[in-house]
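# What the coordinates show
Here is how the chains run, residue by residue.
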Amino acid sequence: MKKLLILLAIFVSACGYRFAGVDFASGEAKYKFYVSEIKNSYFESDYLSLLSDEVNDFFSKYGMLAEQNKADYIIKFDLISAKTESSITSVSNQAVASDINIKIKIYVSDQNSRVVYEKVKSKSESFNLTENISGNIQNRDDAFRKGVKNLLLDFKYEFEKR
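Each chain has its residues counted from 1, following the order in which its sequence is written. Local features in this predicted model are restricted to residues whose pLDDT is 70 or higher, and side-chain atom pairs enter the listing and the counts only when it is 80 or higher, whereas totals over whole chains, interfaces and linings include all residues. Where side-chain values are given, they derive from all heavy atoms of the structure, hydrogens and water being excluded.

The subject of this paragraph is the pairing of strand β5 (residues 95-110). Alignment of β5 against strand β6 (residues 115-128), held across 13 bridges, turns out to be antiparallel. Pairing of I100 across the sheet is with E125, part of β6. Hairpin connection from β5 to β6: four residues lie between these consecutive antiparallel strands, with S113 at a positive phi of about 65°. In this analysis, strands are considered paired if DSSP registers two or more bridges between them. In this text, helices come from DSSP runs of H or I with a minimum length of four residues, and strands from runs of E with a minimum of two, each type numbered from the N-terminal end.

Right under this line is the structure:
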């Protein structure tokens, strides 16, 4: 099975496809980051733990997380907003879907504290509304997580291209 995966990776890369952020010679991510701060400047406190979990999961998943002294860059996140607004209403004028609009400011500095990247990234995700309030909160939180993942993926590709 392992040989098949290696052959598949060689075949795909021979076709011109490059696996973003992965250097096959070393099996490592292109850059390592130390997450020094994750803060919530938005008034709703529920989102801080969700953001923290998603950031740490994302950077771990891509092998981009490192201790401070071994990282290429120091990164900070600031949740600016996570606003919800109803987007679709039923015939009876009741909301059946909503959007969550996420804005996060990302600061990246090198080991010499020189800022190399500072940008507000935004993402919008939709979620369904039902008559179940706890279900609606779960749907909103899932949409927030998905939005953060997509926002971080956009950051990763943008940062690697620069």
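Back to the write-up after that little detour.
For every residue, the predictor states its confidence as a pLDDT score lying anywhere from 0 to 100. Here the chain shows a mean pLDDT of 86. Residues at 70 or above account for 78%. Per-element confidence in the chain ranges from a low mean pLDDT of 48 for strand β1 (residues 22-23) to a high of 97 for strand β3 (residues 33-40).

Next up on the list: the pattern of salt bridges. We define a salt bridge as a side-chain nitrogen of Lys or Arg found within 4 Å of a carboxyl oxygen belonging to Asp or Glu. Inspection of the entire model under this criterion finds 12 salt bridges. A salt bridge links E44 to R140, with the nearest nitrogen and oxygen atoms 3.4 Å apart. Here E44, found in the loop between β3 and α2 (46-61), pairs with R140, found in helix α3 (residues 133-161); they are 96 residues apart in sequence, far enough to count as distant. With its nearest N and O atoms 2.7 Å apart, the salt bridge here joins E158 to K119. A residue pair is termed long-range when its members are at least 10 positions apart, and E158 in helix α3 and K119 in strand β6 qualify at 39 residues. One salt-bridge network, held together by shared partners, links E44, D46, R140 and D141.

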